[in-house]
Amino acid sequence: MINHINEQALQANFNKFKSGLKYKLFLFYKLPLAWLAGLKVEEIDKQKCQISVPYKWLSQNPFKSIYFAAQAMAAELSTGLIAFSGVQSANAKVSMLVVKMEAEYYKKANTKVVFTCADAQQIFNSINAAIDSKEGQTITAISNGINKAGEKVSTFRITWSFKVKSE
């Protein structure tokens, strides 16, 4: 990683999201729909983030699969927790915003689906570039949803914007 993200603070953020109670409180207060849908952190580190969405009554659609919006929420969170952790651990105040989202669906999502974003380093590089240049930066992170059988059910491309807040 580059110099603007504090490694210890970053790890502390990751640990918060790995802690069941702290993560659930974070969701309850900051992302209540994700809390209701039952999104869970399966793994988060400096390389990737994995978020699962269960197939249950609160996440289903009328066609007996996971509603596209529930999938989008899990995919966005798999990219967003990395970005949020990087921004919170940076030595400057940086804003973050989703500016675009694209999705492709391949199979019916009728079991638990795990969304994986392995673009952590690119996200951190974009945050650092925003701090270095004092100009907005964007990155498109990819999150793939895999069902219990190991099949890809969907792919999301989430474009994040990072900008240093003016003092």
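Figured I'd write up the structure that's included with this text.

Conventions and cut-offs
- Residues numbered from 1 in each chain as written.
- Predicted model: local features only at pLDDT ≥ 70, side-chain atom pairs only at ≥ 80, totals over all residues.
- Heavy atoms only, no water.
- Core = buried A, V, L, I, M, F, W, Y, C linked by side-chain atoms within 4.5 Å.
- Buried < 20%, exposed > 50% of the residue type's maximum accessible area, 1.4 Å probe, protein only.
- Helix = DSSP H or I, 4+ residues; strand = E, 2+ residues; numbered from the N terminus.
- Contact = heavy atoms within 4.5 Å.
- Phe/Tyr/Trp six-rings, centres within 6.5 Å; stacked < 30°, edge-to-face > 60°.
- Pairing = 2+ DSSP bridges.
- Axes fitted to C-alpha atoms, helices over the stretch in contact; angles between N-to-C directions.
- Salt bridge = Lys/Arg side-chain N within 4 Å of Asp/Glu carboxyl O.
- Parallel < 35°, antiparallel > 145°, perpendicular 65-115°, else oblique.
- Nonpolar A, V, L, I, M, F, W, Y, C, P; charged D, E, K, R; others polar.
- 1 Å grid on protein atoms, 1.4 Å probe; cavity = no way out; pocket = protein on both sides within 12 Å on 5 of 7 lines; lining within 4 Å.
- Points joined across faces, edges and corners; volume = space filled by probe spheres on them.

## Description of the nonpolar core
1) Next: In terms of nonpolar packing, the biggest core is built from 45 residues, with Y23, L39, I51, V53, L81, I123 and F162 touching the most fellow members.
2) Next: A per-element tally of this core places helix 4 (residues 68-88) first, with 9 residues.
3) Next: Residue contacts for Y23: discarding those within four places in its chain leaves K16, F17, L39, K40, V41, L77 and L81.

## Observations concerning the packing of aromatic side chains
1) Next: As enumerated under the stated definition, the model contains 8 aromatic pairs in all.
2) Next: Here F28 and W35 contribute two aromatic rings whose centre-to-centre distance is 4.8 Å and whose plane-to-plane angle is 80 degrees, an arrangement assigned as edge-to-face.
3) Next: Its relative accessible area of 37% is what places W35 among the partly exposed residues.
4) Next: Counting every residue linked through ring pairs, the aromatic cluster contains F17, F26 and F84.

## Focus: the sheet that holds strand 6 (residues 152-164)
1) Next: Read across the open sheet, the 6 strands follow the order 1-2-4-5-6-3; overall the sheet is antiparallel. Every interior strand has two partners, whereas the edge strands, strand 1 (40-44) and strand 3 (94-105), have only one. Across the sheet, the mean angle from the axis of one strand to that of its neighbour is 25 degrees, orientation sign disregarded.
2) Next: Where strand 3 meets strand 6, 11 bridges bridge the pair, whose relative direction is antiparallel. Looking at strand 6, one finds that V94 is bridged to V164.
3) Next: Those strands touched by helix 4 are strand 1, strand 2 (49-53), strand 3, strand 4 (113-117), strand 5 (137-147) and strand 6, and its axis lies near 40 degrees from that of strand 6.

## Comments concerning the pattern of salt bridges
1) Next: Counting across every chain of the model gives 6 salt bridges.
2) Next: Note that E102 and R157 form a salt bridge whose closest N and O atoms lie 3.6 Å from each other. Residue E102 is located in strand 3, and its partner R157 is located in strand 6; the two are separated by 55 residues in the primary sequence.
3) Next: Judged by relative accessible area, which is 36%, E102 ranks as partly exposed.
4) Next: R157 serves as the salt-bridge partner of E104, at 2.4 Å between the closest nitrogen and oxygen. Taken together, the positions of E104 in strand 3 and R157 in strand 6 put the pair 53 residues apart, joining distant regions of the chain.
5) Next: Connected through shared salt-bridge partners, E102, E104 and R157 make up one network.

## Brief notes about the packing of helix 1 (residues 7-18) against helix 2 (residues 20-30)
1) Next: Running from N to C, helix 1 and helix 2 point in directions that differ by 90 degrees, and their axes come no closer than 5 Å. By the angle between their axes, helix 1 is roughly perpendicular relative to helix 2. In this structure, helix 1 uses K16, F17 and K18 to contact helix 2, whose residues at the interface are G20, K22, Y23 and F26.
2) Next: Taken together, the residues of the contact of helix 1 with helix 2 sort by class into 3 nonpolar, 1 polar and 3 charged.

## Here we look at the layout of surface pockets
1) Next: By volume, the largest pocket amounts to about 260 Å³.
2) Next: Elements represented by at least two residues in the lining of the largest pocket include exactly helix 2, helix 3 (32-37), helix 4 and strand 3.
3) Next: Counting residues per element, the lining of the largest pocket draws most heavily on helix 4, which supplies 6 residues.
4) Next: Taken together, the residues of the lining of the largest pocket sort by class into 13 nonpolar, 1 polar and 2 charged.
5) Next: By volume, the second largest pocket amounts to about 160 Å³.
6) Next: What lines the second largest pocket is F17, K18, G20, Y23, K24, L27, W35, G38, L39, K40 and V41.
7) Next: Broken down by secondary-structure element, the contributors of at least two residues to the lining of the second largest pocket are helix 1, helix 2 and strand 1.
8) Next: The element best represented in the lining of the second largest pocket is helix 2, accounting for 4 residues.
9) Next: Of the residues assigned to the lining of the second largest pocket, the class counts are 6 nonpolar, 2 polar and 3 charged.

None of this, on its own, says anything about what the molecule does.
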